[in-house]
Amino acid sequence: MAVDTYFSYLRMSMVQKKKSLLMFALLILFVQCVGCMSESQISFHRYKGLGDRAERTGDWTGAYDAYLHAAESAKVGYLGPAYESDALYNLGRMNRLLGKLDESEDVLKRCLEIDEKLRGADGLQVGYTLVELAATYLAAKKHEEGVLLLERLQPMIGQYNVKGQMRAFIKRMYVEYAKELSARGMVQKTLQFEKVARSLD
């Protein structure tokens, strides 16, 4: 059987031989890529886990480094938009906590763009990214931009009906922005934001 296959190969035209070799090379490349994707996924989850543990202990620098490696794994491994969004969201948060506000803004904007395409304009994860970006704007004293984000978030508030850290964080953003609006004499918007904050008790 092997001899028959060998002589069949010899009878092929040069074009056929080239096509066969090309298909074989593509198959090898595909198998290698599948292996790389698996390695990248393992790397992503390993670094994300390290980042989560560092964050829980308040080690923002360690968490930032780990999340940065996770983001690189997602990008290099072509893991797709869901992985990239997850990595950018965590990286953006750490940038804010480390005071790297320009970097945080850039990263979270990229994350938001991916989220909107992936999950729709009012998806649950979109809301998370909106409030994180609003927190960055608050720290950077870009209050007008932050107010616009929280106004956009307001119709989506019902999705965050489970009490926990994120719900408390969203409430804190509305409270802090209400203070800024009050200081500027913007009574109606202040009352609007205070009402949203109370609804999150």
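Here the structure is a predicted model, which is why all the values come from computation and not from measurement.

Conventions used here
Residues numbered from 1 in each chain as written. Predicted model: local features only at pLDDT ≥ 70, side-chain atom pairs only at ≥ 80, totals over all residues. Heavy atoms only, no water. Helix = DSSP H or I, 4+ residues; strand = E, 2+ residues; numbered from the N terminus. Buried < 20%, exposed > 50% of the residue type's maximum accessible area, 1.4 Å probe, protein only. 1 Å grid on protein atoms, 1.4 Å probe; cavity = no way out; pocket = protein on both sides within 12 Å on 5 of 7 lines; lining within 4 Å. Points joined across faces, edges and corners; volume = space filled by probe spheres on them. Nonpolar A, V, L, I, M, F, W, Y, C, P; charged D, E, K, R; others polar. Expected span 1.5 Å × (residues − 1). Contact = heavy atoms within 4.5 Å. Patch = residues over 30% accessible without salt bridge, like charges linked within 9 Å, V, L, I, M, F, W, Y side chains within 5 Å. Areas by Shrake-Rupley, 256 points an atom, 1.4 Å probe, with all protein chains shown as cover. Salt bridge = Lys/Arg side-chain N within 4 Å of Asp/Glu carboxyl O. Axes fitted to C-alpha atoms, helices over the stretch in contact; angles between N-to-C directions. Parallel < 35°, antiparallel > 145°, perpendicular 65-115°, else oblique. Left-handed = near helix turned anticlockwise from the far one by under 90°.

Is there a simple way to explain unusual backbone geometry in this structure?
Negative phi is the rule for most residues except glycine; trans is the rule for most peptide bonds. Positive phi values are uncommon outside glycine, yet tyrosine 78 reaches one of about 50°. As for its placement among the helices and strands, tyrosine 78 is situated in the loop between helix 3 (60–76) and helix 4 (81–97). Residue class for tyrosine 78 comes out exposed when judged on its relative accessible area of 67%. Of note in the backbone geometry, lysine 141 takes a positive phi value of approximately 60° without being a glycine.

What's the story with the layout of surface pockets in this structure? I'm lost.
Sizing a probe to match a water molecule and rolling it over the atoms shows the empty space that remains. What the largest pocket holds in volume is close to 320 Å³. As for the largest pocket, its lining consists of Glu55, Trp60, Tyr89, Arg93, Arg96, Leu97, Glu132, Gln165, Met166, Phe169 and Arg172. Counting residues per element, the ones that place at least two in the lining of the largest pocket are helix 4 and helix 8 (165–183). Residue classes in the lining of the largest pocket are distributed as five nonpolar, one polar and five charged.

What should I look at first to understand helix 8 in this one?
Every α-helical turn comprises 3.6 residues, leaving residues that sit three or four positions apart pointing alike. If you check helix 8, its first and last C-alpha atoms are 27 Å apart, about what 19 residues at 1.5 Å a residue would give, namely 27 Å. Buried residues belonging to helix 8 abut helix 4, helix 6 (124–139), helix 7 (143–153) and helix 9 (187–199). Glycine 185 occupies a position one or two residues after helix 8 and carries a positive phi of about 75°.

What am I meant to see in a nonpolar patch on the surface here?
A surface patch of nonpolar side chains, about 210 Å² in accessible area, is lined by Trp60, Leu97 and Leu98. On the accessibility criterion, tryptophan 60 (31% relative accessible area) is partly exposed.

It is not clear to me how the environment of glutamate 55 should be interpreted in this structure. Could you clarify?
When you line up the elements, glutamate 55 lands in helix 2 (residues 14–56). As a C-alpha pair, glutamate 55 and methionine 94 span 39 residues in sequence and 8.6 Å in three-dimensional space. Apart from the residues within four sequence positions on either side, glutamate 55 is in contact with Trp60, Ala63, Tyr67, Arg93 and Met94.

How should I be thinking about the packing of helix 4 against helix 6 in this particular structure?
When two helices pack together, their arrangement is captured by the angle between the axes and the distance separating the axes. Between helix 4 and helix 6, the shortest axis-to-axis distance is 10 Å and the interhelical angle comes to 20°. Here helix 4 is positioned roughly parallel relative to helix 6, judged by the angle of their axes. Crossing angle aside, the handedness with which helix 4 passes helix 6 is left-handed. Here helix 4 contributes Tyr89, Arg93 and Arg96 to the contact with helix 6, which in turn contributes Gln125, Tyr128, Thr129, Glu132, Ala135 and Thr136. A breakdown of the residues in the contact of helix 4 with helix 6 according to their chemical character gives three nonpolar, three polar and three charged.

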